[in-house]
Amino acid sequence: MRTKTLFPALAFLAGAAAGPAATHAAGEKPFLGKWDINPVAPKGAFAYWLEVKQDGDKLSGAFLNRGGSVGPLELVKVENNELLLWTKGKQPPDSASPFGRGKIVKGKLEITFTGGKFGETKCLGERPPMWKKADANAKQKYGKPVTLFDGKSLDGWGFQDPDKPGGWVIVNGTLTNEAHANNLVSKVTFKNFKAEAEYNIDKGSNSGFYVRGRYELQILDDAGKPAEALGHMAIYSRLPPSINASKAAGEWQTMEAIVVGNKVTVTLNGQKVHDNATLEGITGGAMDAREGEPGPILIQGDHGKVSFRKIVVTPILGN
């Protein structure tokens, strides 16, 4: 995924910086913290993520709206036990109407988002899992490797959008997409595992390798550029790689990601770029926000051209 728009799914949500948070009414405590948010009646696969913080007598928030980056909210308030959310340029007096309204019902957040091409979307927010202490660098007991791409067929994959052409072909053992093709979704799901991939990226292109279908490891032609949170092998918009280990466009690159609980260690082209890093929450384009469940490998095909010659996932046992 490659976009610097914070909230692309709602036209009025654009903006790169948050203004001052407003004072709030009593009753804010049930809303504080992180929320994994799924639509009640989804149209396709997507998810939201929200974090509400308290700073003295003020509230602030960060929000992920389906795609793009996690970004700050302009205004967060609690009135009459209702959570109200505004975005950049849309807070009172510019807009009396928040784009998000939510209430706590039996410990869950019932919230409705309005505006943009999706109209009104009723959602249910739940707390992220209480993760066990995990170490992606520890010695692991591995199961049988699952070869998701063997150079011959796409039998291990489905497409994210059933109404869209696939757009992937296999030529001489290499899996390649057309620009703006469908996203690939593995038929097998995984919880804790080691993923290994070999790929090359066209000049100026980008893609994404999603672990559990929720956390994007960005694939990007950015050799020679500073490491950043939207760069190659970043945990997209959340955490940059420690170094830029990218090779030039068109060269084959190797990636290994070990995922245990909410921890991940990533090695790109033989250099460790994430060292037992914490997965703080889902990233843009996540298929859902059910973080505690196993999930598939998702590979973006709907951006630029990328080619794979190896995709193997080996489950970790006993976790």
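Notes on the structure in this doc start here. (Residues numbered from 1 in each chain as written. Predicted model: local features only at pLDDT ≥ 70, side-chain atom pairs only at ≥ 80, totals over all residues. Heavy atoms only, no water.)

A tally of regular secondary structure across the protein chain gives 0 helices and 22 strands. The burial tally for the protein chain puts 51% of its 319 residues in the buried class. The long-range fraction of contacts in the protein chain, counting pairs at least 24 apart against all pairs at least 6 apart in sequence, stands at 63%. In the form shown here, the protein chain has an accessible surface area of approximately 14200 Å², with 51% of it arising from carbon and sulfur atoms. (Helix = DSSP H or I, 4+ residues; strand = E, 2+ residues; numbered from the N terminus. Buried < 20%, exposed > 50% of the residue type's maximum accessible area, 1.4 Å probe, protein only. Contact = heavy atoms within 4.5 Å. Areas by Shrake-Rupley, 256 points an atom, 1.4 Å probe, with all protein chains shown as cover.)

Quick look at the sheet that holds strand β11 (residues 157-159) now. Strand order in the open sheet formed by 5 strands is β11-β14-β21-β16-β17, and the pairing between neighbours is antiparallel. On the outer flanks of this sheet lie β11 and β17 (215-220), each paired with one strand and no other. Here 3 bridges tie β11 to strand β14 (residues 184-186), and the two strands are oriented antiparallel to one another. Note on β14: the bridge partner recorded for Phe-159 is Leu-184. (Pairing = 2+ DSSP bridges.)

The subject of this paragraph is the pairing of strand β3 (residues 58-65). Of all the 8 residues making up β3, 6 are buried; the element is thus mostly covered by neighbouring parts of the structure. Sheet topology places strand β2 (residues 48-55) next to β3; 8 bridges connect them, and they run antiparallel. Paired with Tyr-48 across the strands is Asn-65, a residue of β3. The turn linking β2 back onto β3 is made up of 2 residues, and Gly-56 within it adopts a positive phi angle of 65°. Relative to strand β4 (residues 71-72), β3 runs antiparallel, the two sharing 2 bridges. The residue of β4 that forms the bridge with Ala-62 is Pro-72.

Attention now goes to the packing of aromatic side chains. Where two aromatic rings form a pair, the distance of their centres and the angle of their planes describe that pair. Enumeration over the complete set of coordinates arrives at 8 aromatic pairs. Ring centres 5.6 Å apart and planes at 50° place the aromatic pair Tyr-199 and Phe-308 in the tilted group. Taken together, the positions of Tyr-199 in strand β15 (residues 193-201) and Phe-308 in strand β22 (residues 306-315) put the pair 109 residues apart, joining distant regions of the chain. On the accessibility criterion, Tyr-199 (0% relative accessible area) is buried. (Phe/Tyr/Trp six-rings, centres within 6.5 Å; stacked < 30°, edge-to-face > 60°.)

One finds Tyr-199, Phe-209, Met-233, Met-255, Ile-297, Ile-299 and Phe-308 to be the most contacted residues of the largest nonpolar core, which totals 36 residues. At the level of elements, β10 (146-149), β15, β16 (206-211), β17, β18 (253-260), β19 (263-268), β20 (271-278) and β22 are the ones that each hand at least two residues to this core. Here this core gets 5 residues from one element, more than from any other, and that element is β15. Once residues lying within four places of it in the same chain are set aside, the contact partners of Phe-308 are Phe-149, Gly-173, Thr-174, Leu-175, Ala-197, Glu-198, Tyr-199, Phe-209, Ile-219, Trp-252 and Ile-299. Within the second largest apolar cluster, 19 residues are counted, among which are Phe-46, Leu-59, Leu-73 and Leu-83. (Core = buried A, V, L, I, M, F, W, Y, C linked by side-chain atoms within 4.5 Å.)

Turning next to the pairing of β22. In terms of residue burial, β22 counts as a mostly covered element, since 7 of its 10 residues are buried. Pairing geometry for β10 and β22, over 3 bridges, is antiparallel. Residue pairing for β22: Phe-149 is matched across the bridge by Ile-311. Across 2 bridges, strand β13 (residues 174-177) lies against β22 in antiparallel orientation. Within the sheet, the bridge partner assigned to Leu-175 lies in β22 and is Phe-308. When β15 meets β22, the two strands line up antiparallel, connected through 9 bridges. Residue pairing for β22: Asn-200 is matched across the bridge by Ser-307.

What follows covers the environment of Gln-140. Within the secondary structure, Gln-140 is located in the loop between β9 (121-126) and β10. With a relative accessible area of 16%, Gln-140 lands in the buried category. Along the chain, Gln-140 and Val-260 lie 120 residues apart, while their C-alpha atoms are 9.6 Å from each other. Only 3.1 Å separates the side chain of Gln-140 from the backbone oxygen of Asp-135, close enough to count as a polar contact. A polar contact of 3.1 Å, which involves the side chain of Gln-140, links it to the backbone oxygen of Ala-138. (Polar contact = N/O pair within 3.5 Å; in protein donor to acceptor, adjacent residues only side chain to side chain.)

So, on to unusual backbone geometry. Positive phi, normally seen in glycine, also occurs at Asn-172, with a value near 55°. Mapping Asn-172 onto the fold places it in the loop between β12 (168-171) and β13. The phi dihedral of Met-233 falls on the positive side, at around 70°, and the residue is not glycine. Relative to the elements of secondary structure, Met-233 occurs in the loop between β17 and β18.

Everything listed here is a matter of coordinates, which is why it stays silent on function.
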